[in-house]
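Residue-level listing of the chains:
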Amino acid sequence: MYDTLIPENAVDQKEIKINAEDVQVYYGDTHAIKDVSVKIEDKTVTAFIGPSGCGKSTFLRCLNRMNDTIDICRVEGKILLDGEDIYDKKVDPVQLRAKVGMVFQKPNPFPKSIYDNIAYGPRIHGLAKNKADLDVIVEKSLRRGAIWDEVKDRLDQPGTGLSGGQQQRLCIARAVATEPEVLLMDEPCSALDPIATAQVEELIDELRQDYSVVIVTHSMQQAARVSQKTAFFHLGNLVEFGETSQIFTNPVDPRTESYITGRIG
Amino acid sequence: MSAGLIILVVLLIACAGFFVGRSRAIATAGGDIRNLHSRPNYYGLTVALFSAAPALMIAVLWLLLQPLYIEGQVSEMIAPADIPEGGSLSLVMTDVRRIADGLDVAVDAGTLTEDRIEDMRADLSDLRTRLGEVGIAVASEVRQNVFMAAKTYRELAAKLRLAMAVIVIGASLAGAAFSLLRINPDYRARNVSEHAIKALLILSSSVAILTTVGIIFSLLFETLHFFRLYPAKDFFFSSIWNPQFQGGSDLGILPLLWGTLYVSFVALIFAVPIGLLAAVYLSEYASKHVRSFAKPAIEILAGIPTIVYGLFALITVGPLLRDYFAEPLGLGNSSSSVLTAGVVLGIMLIPFVSSLSDDVINAVPQAMRDGSYGLGATKSETIKQVILPAALPGIVGAVLLAASRAIGETMIVVMGAGAAAKLSLNPFEAMTTITVKIVSQLTGDTEFASPETLVAFALGLSLFVVTLGLNVLALYIVRKYREQYE
Ligand SMILES: Nc1ncnc2c1ncn2[C@@H]1O[C@H](COP(=O)(O)OP(=O)(O)OP(=O)(O)O)[C@@H](O)[C@H]1O
Ligand SMILES: [Mg+2]
């Protein structure tokens, strides 16, 4: 039934950007991620799908060590970014997060102006030489976040005053502005209307030219439209991982098939 | 029947009304409480409310108005000749009341009987001794008119007390009967009780508001009185504070205001950075374990009585600052100084600033931090650029609250800064504040109606206005902050 949705995605072999091996995540005594191993390729969109509470966000947050901020969270196993273990003591999580950007499940603009929201990352990383440079980055990022037209006349107004969907696109623009190598997006379209969703999907497709993108989504159609690889999580396990076209047309595991045809979840 | 007994009877009626109302409600529903609009207890409650509330209100009004009425009636009996040289009607009336009370006590003690009081008309000579026996001292020889007034006073009081008992208990019974008759299964007893609860809440909050208004008015009247005796212009703009007991004082608020602001400023300079940094550490860096003992430990500072801080200023900080800073620098040799009071006051304020700021910083949603960390910001960048700006309005509110606390502080200042009113910039000099002078003006031996005493009220009102302004500002900012994450 998904045949019509599957684009002609290029299926050539690419470099491995992130290599996760036997990752376990515990929240206190809860074992939230069990034995997950995935290889995320460069210049590829990888979709994480699965029923609510199965650990998609948790695993995504492991990839840029956002779980460090949760006291009770413990991560085991190996996650390599460009061959380097990101949980190694030598690695500075701050630098890691500059390389692996993130858009959160709930929009979280800073209580600053729209302009300052976008300029935040470039400023702390010194990406702009001067104000004019920064203006260019801000405009470009807002355009890529598909929100420029709506906010170009009110850049000095607080980002918190935007609607939920606008805030989410602002957060996408904010993440893009720091030029990360990998962009992690946790349900970026859950608050968006179809038009904005289409624009964000277009952006994801465009980002794929240079970056690696990981997107969590509850929409099978979206996963099928934008991703080349799909990982299906269920109860903390990675059930199946492979080419999107294969997962949606010819899933190996019966649980995957039940989920994408809407029988579990 | 005494007022206490009457109120007790009313409460008993209300109690009984509760149970009668309850069972009546069940009875009207034919024993099935599902037929009732409200649960049976609510019916009982309405009966209790109707029996108690109006009756108690009448009782309170009665108790307030009765003395005024009796006073009015009785004072007509006092002739101008009965008022002694240099005395006043109100003094005589006090005597009347004392004699009336004394007669009551004497009757209770059995040294006098009602009949004898009746007969006493002609012979008052032993009244004084009789009253003395039961412990009531009457100043001078009792005059005939005064005694008659006291007798009338007693009679009126007894009559009115009886009338009050009849009316109040009658009102209670009437209320009970009225509400009992209203009970039927469709009667919305629950909504009626809801209204009563609302009324109670309104009453409570108006008590708080009325108290504030009352405080302002009492200050205001005395202040106006002061300004009639002393020109307002001199009070507000004179830079000399020099009260004299024999009159002709200079009562300029400026040196005191300066002292107050200077000490508070030093205190805030000291308390705000330390408190704020402590708050940042506690909320962002400290582990759960450290936080669990450090936060209460800091808050203990807020529980120390200010007089203890005063001692600390007097015997430790003052001499220390004098010996190690003021004297070597040639800036003075006084151990009481603005700096002493300011530093100690600052220590006292640290927990105010840190505890409030900590709450405000904790109220910044975790999502803000995540968003910043997710962009590769470090902890201190996140704090500086996201958390503090987001929490700023709340922090400003905390600082302003600390400021009004500092401005109103007395004990630490009197023991740390001294009592000399001075307009000076040198922080090692002794100065004084408005609060200190309010205390010293009121505790002096000068006559109450002199400007030297009344100035305390004008000072108090000025202080009130300043701190009120600060509080309003703080509230405004805090409220604005609340809207931020909606
Ligand atoms: N901070 C936390 N503390 C404790 N348990 C957590 C925490 N965050 C997530 N969990 C638990 O980990 C499991 C996985 O949660 P996660 O948020 O990763 O699910 P998800 O797949 O993203 O779900 P959704 O699709 O609803 O976003 C859940 O059982 C959840 O209860
Ligand atoms: Mg999630």
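Looking up chain B in an unreviewed UniProt entry gives the name Phosphate transport system permease protein, with the organism given as Thalassovita mangrovi. Quoted verbatim from the Function (unreviewed entry) heading of the UniProt record, the comment on chain B is "Part of the binding-protein-dependent transport system for phosphate; probably responsible for the translocation of the substrate across the membrane." Taken directly from UniProt, the Sequence similarities (unreviewed entry) text for chain B runs: "Belongs to the binding-protein-dependent transport system permease family. CysTW subfamily."

As recorded in an unreviewed UniProt entry, chain A goes by Phosphate ABC transporter ATP-binding protein and comes from Thalassovita mangrovi. What the UniProt record of chain A gives under Subcellular location (unreviewed entry) is the line "Cell inner membrane". Entered under Function (unreviewed entry) in the UniProt record, the comment concerning chain A runs "Part of the ABC transporter complex PstSACB involved in phosphate import. Responsible for energy coupling to the transport system."

Chemist: What should I look at first to understand unusual backbone geometry in this one?
Modeler: With the exception of glycine, the majority of residues adopt a negative phi angle, and the majority of peptide bonds are in the trans configuration. Residues and elements named next belong to chain A. Backbone geometry at aspartate 22 places phi at a positive 45°, although glycine is not the residue there. Structurally, aspartate 22 can be placed in strand E1 (residues 16-27). Given the relative accessible area of 44%, aspartate 22 is considered partly exposed.

Chemist: Sorry if this is basic, but what is going on with the site of ligand 1 here?
Modeler: Residue and element names in this part refer to chain A. Ser52, Lys56, Ser57, Thr58 and His218 are the nearest of the 14 residues found near ligand 1. Cysteine 54 has a polar backbone atom sitting 3.3 Å from an oxygen atom of ligand 1. Histidine 218 is positioned with one of its side-chain polar atoms (N or O) 2.7 Å from an oxygen atom of ligand 1. Against a free-state accessible area of 640 Å², the protein chains account for coverage of 64% of ligand 1. In terms of residue count, helix H1 (residues 56-62) provides more of the shell around ligand 1 than any other element does, three residues in total. A per-class count over the shell around ligand 1 returns five nonpolar, seven polar and two charged.

Chemist: It is not clear to me how the packing of helix H3 (residues 114-125) of chain A against helix H4 (residues 131-144) of chain A should be interpreted in this structure. Could you clarify?
Modeler: The packing of two helices is summarised by the inter-axis angle and the distance between the axes. All names here are of chain A. At their nearest, the axes of H3 and H4 sit 9 Å apart, and the two run at 110° to each other. As the angle between them shows, H3 and H4 are arranged roughly perpendicular. Of the two elements, H3 crosses H4, and the hand of that crossing is right-handed. Across the interface between the two elements, Ile114, Tyr115, Ile118, Ala119, Pro122 and Arg123 from H3 touch Lys131, Leu134, Asp135, Ile137, Val138, Ser141 and Leu142 from H4. Grouping the constituent residues of the contact of H3 with H4 by class yields nine nonpolar, one polar and three charged.

Chemist: In this structure, what is going on with the coordination of the magnesium ion (ligand 2)? I would like to understand it.
Modeler: Angles at a metal have ideal values that depend on geometry: 109.5 degrees with four tetrahedral donors, 90 or 180 degrees with six octahedral donors. Residue and element names in this part refer to chain A. The magnesium ion (ligand 2) binds to the protein through Ser57 (OG) and Gln105 (OE1); the donor distances cover 1.8 to 2.4 Å. Of this pair, serine 57 sits in helix H1 while glutamine 105 sits in the loop between strand E6 (100-103) and H3, and the two are 48 residues apart along the sequence. Note on serine 57: relative accessible area 21%, which makes it partly exposed.

Chemist: Honestly, the UniProt feature "transmembrane region" (unreviewed entry) in chain B in this entry has me stumped. Any pointers?
Modeler: Under the UniProt annotation, "transmembrane region" (unreviewed entry) lies at residues 41-65, 160-181, 201-221, 256-280, 300-321, 333-353 and 454-478 of chain B. Along residues 454-478 of chain B, the helical share is 100% and the strand share 0%, with 36 Å between the first and last C-alpha atoms.

Chemist: Where do I start with the environment of threonine 467 of chain B in this structure?
Modeler: Note on placement: threonine 467 of chain B falls in helix H17 (residues 451-482). The contacts of threonine 467 of chain B, once residues within four sequence positions are left out, are Ser404 and Ile407 of chain B.

Chemist: Is there a simple way to think about the nonpolar core in this case?
Modeler: Where a protein is soluble and globular, its nonpolar side chains tend to be buried together. Residues and elements named next belong to chain B. Judged by nonpolar contacts, the single largest core of 71 residues is most densely connected at Phe226, Phe235, Leu349 and Leu459. Ignoring any residue separated from it by four or fewer positions in sequence, one finds phenylalanine 235 in contact with Phe226, Phe227, Tyr230, Leu251, Gly252, Ile253, Val455, Ala458, Leu459 and Ser462. Among the nonpolar cores identified, the runner-up in size contains 41 residues, and Ala3, Val74, Leu112 and Met164 belong to it.

Chemist: Looking at this model, I keep getting lost on the pairing of strand E8 (residues 212-216) of chain A. Mind explaining?
Modeler: Residues in a regular strand point their side chains to alternate faces of the sheet. Residue and element names in this part refer to chain A. The element E8 is extensively covered by neighbouring structure, given that five of its five residues are classed as buried. Across the two faces of E8 the burial is the same, with Ser212, Val214 and Val216 and Val213 and Ile215 all buried. In this sheet, E8 lies alongside strand E3 (residues 45-49) in parallel orientation, the contact comprising four bridges. Bridged to valine 45 within E8 is valine 213. Relative to E8, strand E7 (residues 182-186) runs parallel, the two being bridged by five bridges. By the bridge assignment for E8, aspartate 186 is matched with valine 216. Read from E7 through helix H7 (residues 194-207) to E8, the crossover connection turns out right-handed.

Cut-off values and rules
Residues numbered from 1 in each chain as written. Chains lettered and ligands numbered in written order. Predicted model: local features only at pLDDT ≥ 70, side-chain atom pairs only at ≥ 80, totals over all residues. Heavy atoms only, no water. UniProt positions renumbered as here; feature names shortened; annotations may be inferred. Helix = DSSP H or I, 4+ residues; strand = E, 2+ residues; numbered from the N terminus. Buried < 20%, exposed > 50% of the residue type's maximum accessible area, 1.4 Å probe, protein only. Near = heavy atom within 4 Å. Polar contact = N/O pair within 3.5 Å; in protein donor to acceptor, adjacent residues only side chain to side chain. Areas by Shrake-Rupley, 256 points an atom, 1.4 Å probe, with all protein chains shown as cover. Nonpolar A, V, L, I, M, F, W, Y, C, P; charged D, E, K, R; others polar. Axes fitted to C-alpha atoms, helices over the stretch in contact; angles between N-to-C directions. Parallel < 35°, antiparallel > 145°, perpendicular 65-115°, else oblique. Left-handed = near helix turned anticlockwise from the far one by under 90°. Contact = heavy atoms within 4.5 Å. Donors = N, O, S within 2.8 Å, 3.2 Å for Na, K, Ca; no water. Core = buried A, V, L, I, M, F, W, Y, C linked by side-chain atoms within 4.5 Å. Pairing = 2+ DSSP bridges. Right-handed = clockwise from strand over helix to strand, strands pointing away.

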